[in-house]
Amino acid sequence: MDDIFNSLLRLTSYISDRFIQFIEDLVLRDAIRCIENFGVTPTISSSVCCSNGYTISTSWKPPQCGIGICENNRASYNTRELLVDTRSLIVHASHITAIVPSICYKGLTLPLYGIQYAWNLGMASFRYSFLCIRCAHDQVHRLVSRVRKTLRGSYDDIGWLQHAPGMPPVQDGTSRFLELLADIRDGEHTLPNSFVYLLIPALKLQYSYVIGLFSNHGPLYFVATKKFFSKMGLACHIAKVHSEASVEHNALVLKQYIEEIYWGSGKPVMLLGHSKGGIDAAAALSLYWSNLKNKVAGLALVQSPYGGTPVASDMLREGQIGDKETRRIMELLICKVIKGDIRALEDLTYEKRKEFITKHELSLDIPLISFHSEARIAPGVLATMTQIAHAELPWLPLPKSDHSDTCLVSGRQVPVMIPISAAMAVCALHLQLRYGEKSDGLVTCRDAQVPGSVVVRPNMKLDHAWMVYSSKKKNPTEPDAREMCEALLTLLVELRNMKNGLEQPL
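Residues numbered from 1 in each chain as written. Predicted model: local features only at pLDDT ≥ 70, side-chain atom pairs only at ≥ 80, totals over all residues. Heavy atoms only, no water.

Concerning the pattern of salt bridges
Part 1 of the reasoning: For the structure shown, the criterion picks out 19 salt bridges.
Part 2 of the reasoning: Taking the shortest distance from any N to any O, the salt bridge between arginine 176 and glutamate 494 comes out at 2.6 Å. Of the two residues, arginine 176 is situated in helix H5 (residues 174-185) and glutamate 494 in helix H16 (residues 481-499); the sequence distance between them amounts to 318 residues.
Part 3 of the reasoning: Assessed through its relative accessible area of 24%, arginine 176 is described here as partly exposed.
Part 4 of the reasoning: Under the relative-accessibility criterion, glutamate 494 is labelled buried at 12%.
Part 5 of the reasoning: Connected via shared salt-bridge partners are Arg176, Glu179 and Glu494. (Salt bridge = Lys/Arg side-chain N within 4 Å of Asp/Glu carboxyl O. Helix = DSSP H or I, 4+ residues; strand = E, 2+ residues; numbered from the N terminus. Buried < 20%, exposed > 50% of the residue type's maximum accessible area, 1.4 Å probe, protein only.)

Written out as structure tokens, the structure reads:
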């Protein structure tokens, strides 16, 4: 039984030694090939100590021969090795001359480049783990930055004109405006005929066939004001500009329009622009002042976001959450639905307004008026429906009178009602709760003040769309858009006379 166990033990030891020798031969062969690439012939020497006290030294130099001869030499070399008792062999030292140092472990020689490979593999794993951690950190940092930028919004931009260096101060002209408005409502009209009055709207309320049911030929909201001025014998025009176009495009159109009016009438032009119309008019004066210097007598900006508006900036600000999706939605609405230009909205952001005002200064040689107001945010406003225009039903059969049967009546007008006052109230409430700023729903009061202008801030609850629907309202106790425009232009004429020394200062 012991002989069988010893035989199995010897067989196992022999197989283990042969396996180790096989692995060692593979490593040595790779090392020798690497050395040969550098032109060095290696010599391998080793010494073993037997159990009987003898020391066996061997030396082997790889022959420069073919594959067959090498295999024979290798076989004879292995035969000499088998003559020694493998159980009593102890490797004391081995070295490879002209080769990098190696490490012996149970007869297995591990070259240094193997350790280096393991080291590089470990370092690569470490670098990959570090890169993953760094990428995750960057993603979290970008997310936190986007969240912070979204929550911050336009808080740092609102009212930047009041803190900008070199901006001239404003002057309050509210009391004089209210006096002129009261005189106008009493029937006293002092607006001279020595000027041509050009009204620049912010938008055009034109509705075409809606689902094939009805069409609307509603006029611009300045038409009532123009008729009101014409009855007084005043020359008044409405600028035909596309409010959906960019500011620079409309500035060029207005410059050409003003020159045509001036050369046709020989009178200087008084400008009154509402909302973006005021921005377009101010841009025309800033860009083409050398051409319009003697042709424009004054400018009144009514609820114009001269410094910018948080509504446009919050929608188009880059780097906030959902910025790309919001921009695509706005491009779809403006470019596809309204057939306008996305730059019309971009030009009203704080970033674009700061860039434009810094590059193009508005001349103070003419009088300037800034008009701004606050929207009503009472709960009752949320249920208000506002008539902004009328629609025609061209083919719907309607009863002509009580005595007749049904009769086809074409051109029957019905009012177009939308909750525009409710929308302005919601926007004004949002701006007040988020930024603590009073506004008309779209433009904050501080952003509507033009540096160096006379500011008119009436104690009236007027939202941003009041000039649109005021001509449709029949409330004799409140002034409408016609009377307000006349009062603003009258004050503008007085300011011009004061600049020329014809009247006393306010």
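Further notes follow.
Considerations on the state of the cysteines
Part 1 of the reasoning: If you walk through the whole model with that rule in mind, you get zero disulfides.
Part 2 of the reasoning: Looking at cysteine 485, it has no disulfide partner, and the nearest cysteine sulfur is the one in cysteine 236, 8.7 Å off. (Disulfide = S-S within 2.5 Å.)

Digging into the sheet that holds strand S7 (residues 196-200)
Note on sheets: strands pair through backbone hydrogen bonds, and any given pair is parallel or antiparallel.
Part 1 of the reasoning: Reading across from one edge, S6-S16-S11-S10-S9-S7-S8 is the order of the seven strands in this open sheet, with parallel pairing throughout. Edge positions in the sheet fall to strand S6 (171-172) and strand S8 (235-238), since each of these pairs with one other strand and no more.
Part 2 of the reasoning: Running at roughly 165° to S8, helix H6 (residues 223-231) makes contact with S7 and S8 of the sheet.
Part 3 of the reasoning: Those strands touched by helix H7 (residues 247-265) are S7, S8, strand S9 (269-274) and strand S10 (296-302), and its axis lies near 160° from that of S7. (Pairing = 2+ DSSP bridges. Contact = heavy atoms within 4.5 Å. Axes fitted to C-alpha atoms, helices over the stretch in contact; angles between N-to-C directions.)

Describing the nonpolar core
Part 1 of the reasoning: In terms of nonpolar packing, the biggest core is built from 44 residues, with Leu198, Ile200, Leu271, Leu285, Leu299 and Tyr306 touching the most fellow members.
Part 2 of the reasoning: Ranked by residues supplied to this core, first place goes to helix H8 (residues 276-287) with six residues.
Part 3 of the reasoning: Among residues more than four places away in sequence, those in contact with leucine 271 are Leu198, Ile200, Ile258, Ala281, Leu285, Val296, Gly298, Leu299, Ala300 and Leu492.
Part 4 of the reasoning: Judged by nonpolar contacts, the second largest core, of 43 residues, contains Ala202, Phe228, Ala300 and Leu492. (Core = buried A, V, L, I, M, F, W, Y, C linked by side-chain atoms within 4.5 Å.)

A short note on the packing of aromatic side chains
Part 1 of the reasoning: Inspection of the entire model under this criterion finds five aromatic pairs.
Part 2 of the reasoning: Pairing tyrosine 197 with phenylalanine 229 gives two aromatic rings, centres 6.0 Å apart and planes at 75°, and the pair type is edge-to-face. Of the two residues, tyrosine 197 sits in strand S7 while phenylalanine 229 sits in helix H6, which places them 32 residues apart along the sequence.
Part 3 of the reasoning: The buried category is assigned to tyrosine 197, whose relative accessible area is 0%.
Part 4 of the reasoning: Centroid distance tyrosine 262 to tryptophan 263: 5.4 Å. Interplanar angle 75°. Geometry classified as edge-to-face.
Part 5 of the reasoning: The exposed category is assigned to tryptophan 263, whose relative accessible area is 65%.
Part 6 of the reasoning: Among the aromatic residues, those joined into a cluster by ring pairs are Phe177, Phe371 and Trp466. (Phe/Tyr/Trp six-rings, centres within 6.5 Å; stacked < 30°, edge-to-face > 60°.)

A short note on the confidence of the model for the protein
Part 1 of the reasoning: A residue-level look at the protein finds 68% of positions with pLDDT of 70 or above and a mean pLDDT of 77.
Part 2 of the reasoning: When mean pLDDT is compared element by element in the protein, strand S11 (residues 368-371) scores highest at 97, while strand S3 (residues 90-97) scores lowest at 40.
Part 3 of the reasoning: Across residues 42-109 the pLDDT falls below 50, and counting only partners more than four positions away or on other chains, this stretch makes 90 contacts in the model.
Part 4 of the reasoning: Note on residues 403-410: pLDDT under 50 across the span, and 15 contacts to partners over four residues away in sequence or across chains. (pLDDT = per-residue confidence, 0-100.)

A few points about the pairing of S10
Part 1 of the reasoning: Burial runs high along S10: seven of the seven residues are buried.
Part 2 of the reasoning: Relative to S10, S9 runs parallel, the two sharing six bridges. Bridge pairing in S10 links glycine 273 to leucine 301.
Part 3 of the reasoning: Across four bridges, the pairing between S10 and S11 is parallel. Counted as the bridge partner of alanine 300 is isoleucine 369 from S11.

Notes on a nonpolar patch on the surface
Part 1 of the reasoning: A cluster of nonpolar side chains, Leu143, Val147, Leu151 and Ile321, forms an exposed patch at the surface whose accessible area comes to about 390 Å².
Part 2 of the reasoning: Position of isoleucine 321 among the secondary structure elements: in the loop between helix H10 (310-316) and helix H11 (323-337). (Patch = residues over 30% accessible without salt bridge, like charges linked within 9 Å, V, L, I, M, F, W, Y side chains within 5 Å. Areas by Shrake-Rupley, 256 points an atom, 1.4 Å probe, with all protein chains shown as cover.)

Looking at the pairing of S9
Part 1 of the reasoning: Of all six residues that make up S9, six are buried, and the element is covered over most of its length.
Part 2 of the reasoning: Going residue by residue along S9, you find Val269, Leu271 and Gly273 tucked away on one face and Met270, Leu272 and His274 tucked away on the opposite face as well.
Part 3 of the reasoning: With five bridges joining them, S7 and S9 adopt parallel strand pairing. Across the sheet, the residue bridging to tyrosine 197 is methionine 270, located in S9.

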